[in-house]
Amino acid sequence: MKPPRFRYYAPHSLEEALAVLAEMADEAKPLAGGQSLIPMLNMRLARPSLLIDLNGLHELSGIELDNGALVVRAMTRHRAVERSPLVAEHTPLLAEAIRWVGHLPIRTRGTVGGSVAHADPAAELPGVLMALDGTVQLTSRRGQRLVPAEDFFIDLLTTAAEPDELVTEVRFPSLPSRTGTAWLEVARRHGDYALVGVGAVVSLAEDFTTVTEARLSFIGVGGRPVRARLAEAALRGQPVAAETWRAAAATVRGEIDPAGDIHASAEYRRYVAGVLAERALALAAERAREGARQ
Ligand SMILES: Cc1cc2nc3c(=O)[nH]c(=O)nc-3n(C[C@H](O)[C@H](O)[C@H](O)COP(=O)(O)OP(=O)(O)OC[C@H]3O[C@@H](n4cnc5c(N)ncnc54)[C@H](O)[C@@H]3O)c2cc1C
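For every chain, the first residue of the written sequence is number 1, and numbering continues from 1 onward in sequence order. Whole-chain, interface and lining totals are the exception, using all residues; otherwise, since this is a predicted model, local features are given only for residues with pLDDT of at least 70 and side-chain atom pairs are given and counted only at 80 or more. With hydrogens and water set aside, each side-chain value is computed from the structure's full complement of heavy atoms.

**Q** So what exactly am I meant to see when it comes to the sheet that holds strand β4 (residues 63–66) here?
**A** Two strands pair under a simple rule: DSSP has to find at least two bridges between them. Here a strand is any run of E in DSSP of at least two residues, a helix any run of H or I of at least four, and the numbering for each starts at the N terminus. The 5 strands are arranged β4-β5-β10-β6-β7 in an open sheet whose pairing can be described as antiparallel. Two strands bound the open sheet, and with one partner strand each, they are β4 and β7 (143–148). Going across the sheet, the axis of each strand differs from the next one's by a mean of 25°, ignoring polarity. Inspection of the sheet shows strand β5 (residues 69–73) paired to strand β10 (residues 166–172) by 4 bridges, in the antiparallel sense. Residue pairing for β10: Leu 70 is matched across the bridge by Phe 172. Lying over the sheet, helix α1 (residues 14–24) contacts β6 (135–140) and β10, oriented at roughly 125° with respect to β10. The contact criterion used throughout is that any non-hydrogen atoms of two residues lie within 4.5 Å. Note on method: axes are straight lines fitted to C-alpha atoms, helices fitted across the in-contact stretch only, with angles between N-to-C directions ranging 0 to 180 degrees. Strand contacts of helix α8 (residues 124–131): β6 and β10, with the helix running at about 50° to β10, the strand carrying the most contacts.

**Q** When you look at the nonpolar core in this model, what are you seeing that I'm missing?
**A** What tends to happen in soluble globular proteins is that the nonpolar side chains get buried as a cluster. By size, the foremost hydrophobic cluster in this structure holds 34 residues, and its most contacted members are Leu 94, Phe 152 and Phe 172. Shared between two domains, this core takes at least three residues from each, and those domains are domain 2 (62–172) and domain 3 (179–293). Excluding its chain neighbours within four sequence positions, the residues that come into contact with Phe 172 are Ala 69, Leu 70, Val 72, His 90, Thr 91, Leu 94, Leu 125, Val 128, Leu 129 and Leu 132. Residues belong to one nonpolar core when they are buried, are Ala, Val, Leu, Ile, Met, Phe, Trp, Tyr or Cys, and are joined through side-chain atoms within 4.5 Å. Burial classification: accessible surface area is computed with a 1.4 Å probe over protein chains only, and a residue below 20% of its type maximum counts as buried, one above 50% as exposed, and the rest as partly exposed. Within the second largest apolar cluster, 29 residues are counted, among which are Val 196, Ala 248, Ala 277 and Ala 285. Either an automatic procedure or a domain database provided the assignment from which the domain bounds are taken.

Written as structure tokens, this is what we have:
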């Protein structure tokens, strides 16, 4: 199918983009990598009368460290994140998860800001942002604000961003020492959106025998990324042992409430979420130990 008619505008600066967006917020949509927006236009699921192309705004690209946090600007391509030594060193959970995003051509065009703004509940980036208690920077002509991931993702394709706001960067805070992370997921075919995915973060005590903090962030089990807060609380102070991960998996199955659809039943998603949680926690704990040995 072909998209409905729209006007196209390519601003030369962020300021220009924000000015146009402020005027036309109800009718306009920013165009980033186009990997989700263009299919939505073609299927007539979105009908903006104006597309504001962000691809010429080089100030919106780049990856850097700021006060210990990894900052990824909105127009940074998935592929740039995947290949960044800074991301691999500072935020390995992001480096691991991004490889699961679609196929290489999609990652070459798709952007970090686009993924976050699009807010697909099975997308990896929102799941990573939730796992790491990251924040989203929103910018409009009215100013700038930082929104914690927990408040940013509201529901299926729905975020806290106002129509005149652009996602301009996302921030991933640093993790304490003796912390390991792991991303695991199940999809029908390589490159498909996840049926279920999980990011685990495990911090260990000085003697490496006890969990001091754990986080579990799931994708594909709700309208937005879901933290398993009960399992996380139950893990605190537990020994580093297979039984601990198994017990956490049981808690996860009890606390999440996935829906069934044509791709997988709710029961299947619940079961798989437990299996992935158990494996991801064990792997993250192992990496916390290995990291400390290096
Ligand atoms: C076959 C296929 C498989 C895919 N598989 C996966 C997958 O497994 N995991 C995954 O996470 N993604 C997957 N994707 C989606 C891909 O990651 C997209 O790149 C991503 O969802 C959107 O990023 P984009 O830069 O292409 O944004 P666009 O498609 O350009 O925009 C998406 C939405 O975000 C808005 N937007 C974009 N940038 C901004 C901004 N800076 N501020 C405010 N709003 C903005 C747009 O207006 C639009 O509503 C897949 C896509 C395809 C086609």
